[in-house]
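Per-entry structural report
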Amino acid sequence: MPWYTADLCPFIIICPTDSKGAEQSSIDAESHHPATTTPSKGAVAKSVLAVSLLASSRGSSLLQSDHFFPKGSTFNLESVCAELASPHCTCRHLRFECKIGLAGATSIGRALELNKSLVSLDLYGNLIKTEGATGIARALELNESLVSLNIGGNYIGREGAASIARALVSNKSLVSLNISGNRIWNEGAAGIAIALESNKSLVSLDISIDDIGSEGATSIARALESNKSLVSLKMPDNKIWSEGATSIARALESNKSLVSLNISGNRIWNEGATDIARALELNKSLVSLDISYNEIGNEGATSIARALESNKSLVTLNISDNPKIEKEGATSIARALELNKSLVSLDISFSGIGSEGATSIARALELNTSLVSLNLKGTVIGSVGATSIARALYSNTSLVSLHLRGTKFGSEGATSIARALALNKSLMTLDISYNKIGSEGATSIARALALNKSLVTLNISYNDIGSEGAASIAIALAMNKSLVTLNISCVFPSFRCGVSQFSDGG
């Protein structure tokens, strides 16, 4: 049987020919529609069988165990699908980044109905749209091997989400599902929620940037009250407002399985934060909470802080990018840190805590023994705040990572931090970039590096340290034996800056 190919990007489909001429179909990466007449189902079946037999006879495999088709790839989709459908297929992880379109997704869906090896499929940003999502959904109803599916950024809409939801009702293998960036709206979220009430296998769900609104969030929340399998839920940037946050909070009071929750960028305001805080006082399973970018102020921060005083499960809290959290909110959080023994990571970057708020946090660090990572990036704490944090480093033995990027503490703050570094034995990562520490600050840091034995990563980029400061750091490196990574970009402010890394295996 003769075969004809066309060099099309990103991929080609080969179809069998007869004596009258070549019957050929290709998919164009730009239009995502068949370029010529689509072959009949019988022709496709014959070609799939033929390609499968051809590959088998040659003893070769098109797909590796972990296979990635990047942008601009040229490959035979029909051959790929034939191998996927083959009982001899050994491919376990498959990723496309070349806009296979709805037709391509439908073909892959048909192959998945027979496939028994694939564990992970990533179709993010492939413009599969509603029809492609429906094809994948049909496969999920029959497929028993797929564990992870990513169909984010594909404009599947509410109808595509409904198809996926129907599949989830019967599917028992899927553990992780990403349908972010698909504009599934509240109707699509409602369908997914209904599926969650009966599905017992799904552990991780990402519905970020899906415009589900407060109504969709309420549907998801209702499902969380009965669902016992979901461990991770990501739903940032969905306009759920305080009403949606309140619904999620109610669910958290009874839910015992959810470990990680991300509801950032949803404008939940103080009201939503207060309701989430009340839930934290009762919830015993949540380990990680992200409520960043939510226009939370001092009132909301104080509520969260009160919850931290009694909560014993939360390990990671991200409350960053809430500029309305000022010294009052920071003081409340600091009080909580003095009592809390479970929190390991706190991100309060890009807030309005100022030097007074930083001083309160610093006092708490002198007593706290659990916090490992603290991010105060962009908080403008100044030299006073940096000096307070430095003072805490003398006695604190738990903090491993400290981020003070862009906090405007200058050479004075750098000198205070340097003195602490000379004695501190726990800190491994320090970011003091964008602080205009100058050559004087850099020289102080260099002296500390000559004595410090714990620091592994240091970022002092964009600090206008000049040749004198850079030379001091270089001399210190000759004596320091712990530092593995050093970012010293932009020594001179007038130069075009890149990233410089120092690596030492010792």
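Everything below is about the structure shown above.
Residues numbered from 1 in each chain as written. Predicted model: local features only at pLDDT ≥ 70, side-chain atom pairs only at ≥ 80, totals over all residues. Heavy atoms only, no water.

A word on the overall build of the protein. Summing up its helical and strand segments, the protein has 16 helices and 19 strands in all. Counting over 506 residues, the protein shows a buried share of 56%. Residue pairs at least 24 apart in sequence account for 83% of intrachain contacts in the protein once pairs closer than 6 positions are excluded. With an accessible surface of roughly 22000 Å², the protein has 53% of that area assigned to carbon and sulfur atoms. (Helix = DSSP H or I, 4+ residues; strand = E, 2+ residues; numbered from the N terminus. Buried < 20%, exposed > 50% of the residue type's maximum accessible area, 1.4 Å probe, protein only. Contact = heavy atoms within 4.5 Å. Areas by Shrake-Rupley, 256 points an atom, 1.4 Å probe, with all protein chains shown as cover.)

Bringing the packing of helix 4 (residues 129-142) against helix 5 (residues 157-170) into the picture now. Following both chains from N to C, one finds helix 4 and helix 5 inclined at 5°, their axes separated by 8 Å at the closest point. Relative to helix 5, the element helix 4 is oriented roughly parallel. Across the interface between the two elements, Thr-130, Ala-133, Thr-134, Ala-137, Leu-140 and Glu-141 from helix 4 touch Glu-159, Gly-160, Ser-163, Ile-164, Arg-166, Ala-167 and Ser-170 from helix 5. Counted by class, the contact of helix 4 with helix 5 contains five nonpolar, five polar and three charged residues. (Axes fitted to C-alpha atoms, helices over the stretch in contact; angles between N-to-C directions. Parallel < 35°, antiparallel > 145°, perpendicular 65-115°, else oblique. Nonpolar A, V, L, I, M, F, W, Y, C, P; charged D, E, K, R; others polar.)

With respect to the helices and strands, Asn-238 occurs in the loop between strand 10 (232-234) and helix 8 (241-254). According to the relative accessible area criterion, Asn-238 is buried, its value standing at 0%. Ignoring sequence-local partners within four residues, the contact set of Asn-238 consists of Ile-207, Ser-208, Ile-209, Asp-210, Asp-211, Ile-212, Gly-213, Gly-265 and Asn-266.

A separate point is a positive patch on the surface. Among the surface-exposed residues, Lys-172, Lys-200, Lys-228, Lys-256, Lys-284, Lys-312 and Lys-341 lie close enough to one another that they form a single positively charged patch. Secondary-structure assignment places Lys-172 in the loop between helix 5 and strand 8 (176-178). (Patch = residues over 30% accessible without salt bridge, like charges linked within 9 Å, V, L, I, M, F, W, Y side chains within 5 Å. Salt bridge = Lys/Arg side-chain N within 4 Å of Asp/Glu carboxyl O. Lys, Arg positive; Asp, Glu negative; His and termini not counted. Charge placed at Lys NZ, Arg CZ, Asp CG, Glu CD.)

All right, on to the environment of Leu-112 then. Within the secondary structure layout, Leu-112 lies in helix 3 (residues 101-112). Remark: the alpha-carbon pair of Leu-112 and Ser-86, spanning 26 residues in sequence, is separated by 10.0 Å. Excluding residues that lie within four positions of it along the chain, Leu-112 makes contacts with Leu-118, Leu-121, Ile-136, Ala-139 and Asn-143.

This part is about the nonpolar core. Counting residues in each nonpolar core, the largest one holds 137 residues, and the members touching the most others are Phe-96, Ile-108, Leu-121 and Leu-233. Setting aside residues no more than four positions away along its own chain, Leu-121 makes contact with Leu-94, Ile-108, Leu-112, Ile-136, Leu-146, Ser-148, Leu-149 and Asn-150. (Core = buried A, V, L, I, M, F, W, Y, C linked by side-chain atoms within 4.5 Å.)

Moving on: the pattern of salt bridges. Counted under the stated rule, the structure contains eight salt bridges. Between Arg-95 and Asp-122 there is a salt bridge; the shortest N-O distance is 4.0 Å. A residue pair is termed long-range when its members are at least 10 positions apart, and Arg-95 in strand 5 (residues 93-96) and Asp-122 in strand 6 (residues 120-122) qualify at 27 residues. Across the pair Asp-275 and Arg-278 runs a salt bridge, and its minimum N-O distance is 2.6 Å. Taken together, the residues span about one helical turn, with Asp-275 and Arg-278 both in helix 9 (residues 269-282) at a distance of three residues. For Arg-278, a relative accessible area of 46% puts it in the partly exposed group. Connected through salt bridges with shared partners, the residues Arg-95, Glu-97 and Asp-122 form a single ionic network.

At their nearest, the axes of helix 9 and helix 10 (residues 298-310) sit 8 Å apart, and the two run at 5° to each other. Relative to helix 10, helix 9 is oriented roughly parallel. Residues Asn-270, Ala-273, Thr-274, Ile-276, Ala-277, Leu-280 and Glu-281 of helix 9 form the contact with helix 10, whose participating residues are Asn-298, Glu-299, Gly-300, Ser-303, Ile-304, Ala-307 and Ser-310. Considered class by class, the residues forming the contact of helix 9 with helix 10 number six nonpolar, six polar and two charged.

One pass over the structure, following the stated rule, counts five aromatic pairs. With a centroid separation of 5.0 Å and 15° between ring planes, the pair formed by Phe-69 and Phe-96 is classed as stacked. Here the residue Phe-69 occupies a position in strand 3 (residues 66-69), and Phe-96 occupies one in strand 5, the gap between them amounting to 27 residues. As far as burial versus exposure is concerned, Phe-69 and Phe-96 are alike and both buried. Cluster of aromatic residues (ring-pair linked, three or more members): Phe-69, Phe-75 and Phe-96. Stacked on the ring of Phe-68, the Lys or Arg Arg-95 has its end atom at 4.1 Å from the ring centre. (Phe/Tyr/Trp six-rings, centres within 6.5 Å; stacked < 30°, edge-to-face > 60°. Lys NZ or Arg CZ within 6 Å of the ring centre and 35° of its normal.)

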